[in-house]
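A structural walkthrough
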Amino acid sequence: MHVLILGAGVVGVSSAYYLARQGHDVTLVDRAADPAAGTSYANGGQLAYSFVDALAQPSLLSEIPGLLLGRDPAMHVQLFARPSLVAWGLSFLGQCTQKRARNNTLAVLDLAQRSAKCLADLRQSTGIQFAHQRVGKVMLLPAGSNLAAAEESIELKRAHGCDSSLLSIDNVRER
């Protein structure tokens, strides 16, 4: 089978490699001259396998008015830009339950852990070298954050093979 992959970032190149290894004829196309020059580059090259909490959470519901009014610089929502967006938004809101948020987080965590294993296998089987480091990631929670919810998320991930911790400011300084 001939497969066309759009995007030569981490996912595109990895997908092309594994498809070619399975015997497929693969064409990889990217608008940039070099691989990983777009989103993979702009992401700082980080591979954050435990930073996978589902966006659709019950806590997001109270933030929706601010999102629609453009008060969050990280998200830009144009509700009526496309009629299909309304249906998608309603479906998204249906995912904002504790049970679905937990299940979605676990599904993405499973995918992330499989991706980490694939990268380890890829590095070992090809000898590919790059500036890979296993380091931690610090996520700062704003004042007034729900620390109990953060601890619950950490415990959920820890129970499924993720090494995560909730640290105080003093713990961070020590590290």
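Structure shown above.
Here is a short report on the structure shown in this document. (Residues numbered from 1 in each chain as written. Predicted model: local features only at pLDDT ≥ 70, side-chain atom pairs only at ≥ 80, totals over all residues. Heavy atoms only, no water.)

**Structural notes on unusual backbone geometry**
One non-glycine residue, alanine 36, adopts positive backbone phi at about 60°. Relative accessible area serves as the criterion here: at 30%, alanine 36 is assigned to the partly exposed category. (Buried < 20%, exposed > 50% of the residue type's maximum accessible area, 1.4 Å probe, protein only.)

**As for a nonpolar patch on the surface**
Judged by side-chain polarity, Val10, Val11, Leu47, Ile128 and Phe130 come together as a nonpolar surface patch covering roughly 430 Å² of accessible area. Relative to the helices and strands, leucine 47 is located in the loop between helix 2 (39–42) and helix 3 (64–68). Leucine 47 sits in the partly exposed class, given a relative accessible area of 36%. (Patch = residues over 30% accessible without salt bridge, like charges linked within 9 Å, V, L, I, M, F, W, Y side chains within 5 Å. Areas by Shrake-Rupley, 256 points an atom, 1.4 Å probe, with all protein chains shown as cover. Salt bridge = Lys/Arg side-chain N within 4 Å of Asp/Glu carboxyl O. Helix = DSSP H or I, 4+ residues; strand = E, 2+ residues; numbered from the N terminus.)

**Things to note about the packing of aromatic side chains**
Using the criterion set out here, one finds 2 aromatic pairs in the structure. With a centroid separation of 5.2 Å and an interplanar angle of 80°, the aromatic rings of tyrosine 17 and tyrosine 18 are classed as edge-to-face. The class for tyrosine 17 is partly exposed, based on a relative accessible area of 28%. Taking the relative accessible area as the measure of exposure, tyrosine 18 reaches 21% and is therefore partly exposed. Arranged with centres 5.2 Å apart and planes meeting at 25°, the rings of tryptophan 88 and phenylalanine 92 form a pair that is stacked. With tryptophan 88 and phenylalanine 92 both in helix 4 (residues 83–94) and 4 residues apart, the pair spans about one turn of that helix. Using a relative accessible area of 53% as the deciding quantity, one classes tryptophan 88 as exposed. (Phe/Tyr/Trp six-rings, centres within 6.5 Å; stacked < 30°, edge-to-face > 60°.)

**Here's the deal with the pairing of strand 1 (residues 2–6)**
Of the two faces of strand 1, only the one carrying Val3 and Ile5 is buried; His2, Leu4 and Leu6 on the other face are not. In this fold, the crossover linking strand 1 to strand 2 (residues 25–29) by way of helix 1 (residues 10–21) has right-handed handedness. (Right-handed = clockwise from strand over helix to strand, strands pointing away.)

**Some thoughts on the environment of glutamine 133**
You can see glutamine 133 is positioned in the loop between helix 5 (98–126) and helix 6 (147–158). The spacing of glutamine 133 and leucine 6 is 127 residues in sequence and 27 Å in space, taken between C-alpha atoms.

**A look at the nonpolar core**
For soluble globular proteins, the rule of thumb is that nonpolar side chains tend to be buried together. Of all hydrophobic cores here, the largest spans 6 residues; its members are Val52, Leu106, Leu109, Ala112, Leu156 and Cys162. At 3 residues, the largest contribution of residues to this core is made by helix 5. Ala56, Leu60, Phe92 and Cys96 belong to the second-largest nonpolar core, a separate cluster that totals 5 residues. (Core = buried A, V, L, I, M, F, W, Y, C linked by side-chain atoms within 4.5 Å.)

**Overview of the environment of asparagine 171**
As for its position among the elements, asparagine 171 is in helix 7 (residues 169–174). Classification of asparagine 171 by relative accessible area gives partly exposed; the value is 29%. Along the sequence, asparagine 171 and arginine 123 sit 48 residues apart, while their C-alpha atoms lie 33 Å from each other.

**Topic: the pattern of salt bridges**
For the structure shown, the criterion picks out 5 salt bridges. A salt bridge links arginine 114 to aspartate 110; the shortest N-O distance between them is 3.2 Å. One end of the pair, arginine 114, and the other, aspartate 110, are both in helix 5, 4 residues apart, so they sit about a helical turn from each other. The salt bridge involving glutamate 155 is made with arginine 158; its shortest N-O contact spans 2.4 Å.

Function cannot be read off these values alone, since they describe shape.
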